[in-house]
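Single-letter residue listing:
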Amino acid sequence: MEPSSGHRATDRHALVMAIWLTGGFLAVVLVHLALSTGQSVALYAAGGTVLAAFVGHIVTNAVYRTAFTRRELTLALVLYAMALVAFALATLLEPGFKEAYFLPLGLVLVGVGAAVLFYMITHYGMRDVFESFNVVRDANVRERSDLVQKRWRSRQ
């Protein structure tokens, strides 16, 4: 993968932001529609919208010959964790939520998570996926072996 710089990086960032802002807004509207009207189909459509935005991001990465940045991975992980916490809190505290929305919203969250993990593992491999999230290794001040340092530098 080539490192992006200058206008190329700005163009990629603008395209990714446009994809996710559009997909995210549509997904939020569909979730609101589903929760206000009781339509489970809108929840599945919201999950499909998030998956479509993810596929758009993958296509953008392929066109620009880049990978997901560490900031993109961190933001995605934080947003997914927030969605899981909101799902758990709504399940525990909101009366009637379990009966109406637990299965559809649970399937959407599991489906999106499984699709992202499947793509990342098949595209990058298990070791690279773990290392992309492993920030503790970067903070370690001990000297590492030459082999690890050479491999790490070759990826940067």
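Residues numbered from 1 in each chain as written. Predicted model: local features only at pLDDT ≥ 70, side-chain atom pairs only at ≥ 80, totals over all residues. Heavy atoms only, no water.

**Some points on the nonpolar core**
Link 1 in the chain: Counting nine residues, the largest nonpolar core consists of Ala34, Ala42, Leu43, Phe87, Ala90, Phe97, Tyr101, Leu105 and Leu109.
Link 2 in the chain: Mapped by element, the contributors of at least two residues to this core are helix H2 (40-64), helix H3 (70-93) and helix H4 (97-124).
Link 3 in the chain: If you tally residues by element for this core, the top one is H4, at four residues.
Link 4 in the chain: If near-sequence neighbours (up to four positions away) are discounted, leucine 105 is found in contact with Leu43, Phe87 and Phe97. (Core = buried A, V, L, I, M, F, W, Y, C linked by side-chain atoms within 4.5 Å. Buried < 20%, exposed > 50% of the residue type's maximum accessible area, 1.4 Å probe, protein only. Helix = DSSP H or I, 4+ residues; strand = E, 2+ residues; numbered from the N terminus. Contact = heavy atoms within 4.5 Å.)

**What about the environment of valine 63?**
Link 1 in the chain: By the element assignment, valine 63 lies in helix H2.
Link 2 in the chain: Residue valine 63 is classed as exposed on the basis of its relative accessible area, which comes to 56%.
Link 3 in the chain: In this structure, the C-alpha to C-alpha distance between valine 63 and arginine 12, residues 51 residues apart in sequence, is 9.2 Å.

**A look at H4**
Link 1 in the chain: An ideal rise of 1.5 Å per residue puts 40 Å on 28 residues; H4 measures up with 38 Å between its terminal C-alpha atoms.
Link 2 in the chain: Along its length, H4 shows its largest kink, about 30°, at leucine 103, and proline proline 104 lies within four residues downstream of that point.
Link 3 in the chain: Among the residues of H4, Phe97, Tyr101, Pro104, Leu105, Gly106, Val108, Leu109, Val112, Gly113, Tyr119 and Met120 are the ones counted as buried.
Link 4 in the chain: Note on H4: the residue one or two positions beyond its end, glycine 125, has a positive phi of about 95°. (Expected span 1.5 Å × (residues − 1). Bend = angle between axes of the 7 residues up to and from the residue.)

**Topic: the pattern of salt bridges**
Link 1 in the chain: As enumerated under the stated definition, the model contains one salt bridge in all.
Link 2 in the chain: For arginine 12, the salt bridge identified is with glutamate 72, shortest N-O distance 3.0 Å. Here arginine 12, found in helix H1 (residues 7-37), pairs with glutamate 72, found in helix H3; they are 60 residues apart in sequence, far enough to count as distant.
Link 3 in the chain: Judged by relative accessible area, glutamate 72 falls into the buried class, the value being 19%. (Salt bridge = Lys/Arg side-chain N within 4 Å of Asp/Glu carboxyl O.)

Structural measurements only, silent on function.
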